[in-house]
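Summary of structural features
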Amino acid sequence: MRDALRSAKVFVGGQAILTVSAAAMTAVRAVRPNSGRRISQQTIGAWAGRALLRLNRVELRGEHDAPWPTGPCFFMANHSSSLDLPVLMALGLPNSRTFIKERFRWYGSLGAVLWLTGTFFTAPQEEHERRVQRFAEATETLRRTGESVFGSPEGMRVVGHEIGPFNKGVFHIVTALKLPIVPLLIEIPPDVDPGTGIAAGPGTVTVHVGTTIDTSTWTLHDLDANTQAVRERFVAWNAEIRA
């Protein structure tokens, strides 16, 4: 009963935070058509992410010495929990967009916030042609705008703190645009991690930032090998941190 009440509190509070954020983003984009998307993502979205984490009694800690890259890049992370999205929002990654499943587009105020921050909504794996088209459109948008993008090659939550199989869709984009990869490892302690639920335990989530991966010489011929090499890097990194 206590867990149900806690989940209800987090859900209602989260909806309030997201509704206020969506309203603020709508206003900003109306008066700042050129920079409104970036302000919505980096400022209002970051505030919303921090507020959602506070609602869950979660502190966010970043483990990186250097500043974020100033040029376009691909921020790549593991995906093991429903906390990943507010963590991502709270980071306020510079001038970036996000890949997320298209079903989130219809999640009320959350869908509005995602749309207003320029999120790329991906089609399901089983709808191959439409999925390829969505990634092609995203590639052209990123080529035109010179923006960065965030995505998890795991595609879906892998509960249990392991690194799951990597999809190749995001690696097509990385290869086409020669975007350097900035690896992020989201470390959520088991007693904090809500898994597929919405109510986390109190504690600290740490985002580790790895060494940037150069992709300037990547070609589609080596797509499978590059995908596997990056996954192996994440697997080793995850094992080292959780040892």
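Up top is the structure these notes are about.
A few points on the structure. All figures in this text were calculated on a predicted structure; none of them were measured in a lab.

1. Looking at the packing of helix α2 (residues 36-55) against helix α3 (residues 84-91)
Relative to each other, α2 and α3 sit at 135°, their axes nearing to 6 Å. Overall, the two elements α2 and α3 adopt an arrangement that is oblique. Crossing handedness for the pair α2 and α3: left-handed. Residues G45, A46, A48, G49, R50, L52 and L53 of α2 form the contact with α3, whose own contacting residues are P86, V87, M89 and A90. Looking at the contact of α2 with α3, its residues break down into 8 nonpolar, 2 polar and 1 charged.

2. Re the layout of surface pockets
Reported here for the second largest pocket is a volume of approximately 260 Å³. Lining the second largest pocket we find 13 residues, and of these V132, F135, K168, G169 and H172 sit closest to its centre. For the lining of the second largest pocket, the secondary-structure elements that each account for two or more residues are α5 (128-145) and α6 (169-177). If you tally residues by element for the lining of the second largest pocket, the top one is α5, at 6 residues. When the residues that make up the lining of the second largest pocket are grouped by side-chain class, the tally is 5 nonpolar, 6 polar and 2 charged.

3. Details of α3
The element α3 is extensively covered by neighbouring structure, given that 7 of its 8 residues are classed as buried. Looking at α3, one finds that the buried residues are D84, L85, P86, V87, L88, M89 and A90. One or two residues past the end of α3 sits G92, with phi positive at roughly 55°.

4. Quick word on the side chain of T122
With respect to the helices, strands and loops of the structure, T122 is situated in strand β4 (residues 120-122). The exposure class assigned to T122 is buried, which follows from its relative accessible area of 10%. When sequence neighbours within four positions are dropped, the list of residues in contact with T122 reads F99, I100, K101, E102, R131, R134 and F135.

5. Some details on the sheet that holds strand β1 (residues 58-63)
Within a sheet, each strand pairs with its neighbour through backbone hydrogen bonds, oriented either parallel or antiparallel. Taken in spatial order, the 7 strands make up an open sheet running β1-β7-β6-β2-β5-β3-β4, and their pairing is mixed. One side of each edge strand has no neighbouring strand; the edge strands of this open sheet are β1 and β4. The average angle at which neighbouring strand axes cross in this sheet is 25°, direction not considered. Two strands pair when backbone bridges link them, and strand β2 (residues 74-77) and strand β6 (residues 181-187) are joined in this way by 4 bridges, in the parallel orientation. Residue F74 lies in a different strand from β6, and its bridge partner there is I181. Across the sheet, α6 touches β2, β3 (96-101) and β6, and the angle it forms with β2 is around 155°.

What counts and how
- Residues numbered from 1 in each chain as written.
- Predicted model: local features only at pLDDT ≥ 70, side-chain atom pairs only at ≥ 80, totals over all residues.
- Heavy atoms only, no water.
- Axes fitted to C-alpha atoms, helices over the stretch in contact; angles between N-to-C directions.
- Helix = DSSP H or I, 4+ residues; strand = E, 2+ residues; numbered from the N terminus.
- Parallel < 35°, antiparallel > 145°, perpendicular 65-115°, else oblique.
- Left-handed = near helix turned anticlockwise from the far one by under 90°.
- Contact = heavy atoms within 4.5 Å.
- Nonpolar A, V, L, I, M, F, W, Y, C, P; charged D, E, K, R; others polar.
- 1 Å grid on protein atoms, 1.4 Å probe; cavity = no way out; pocket = protein on both sides within 12 Å on 5 of 7 lines; lining within 4 Å.
- Points joined across faces, edges and corners; volume = space filled by probe spheres on them.
- Buried < 20%, exposed > 50% of the residue type's maximum accessible area, 1.4 Å probe, protein only.
- Pairing = 2+ DSSP bridges.

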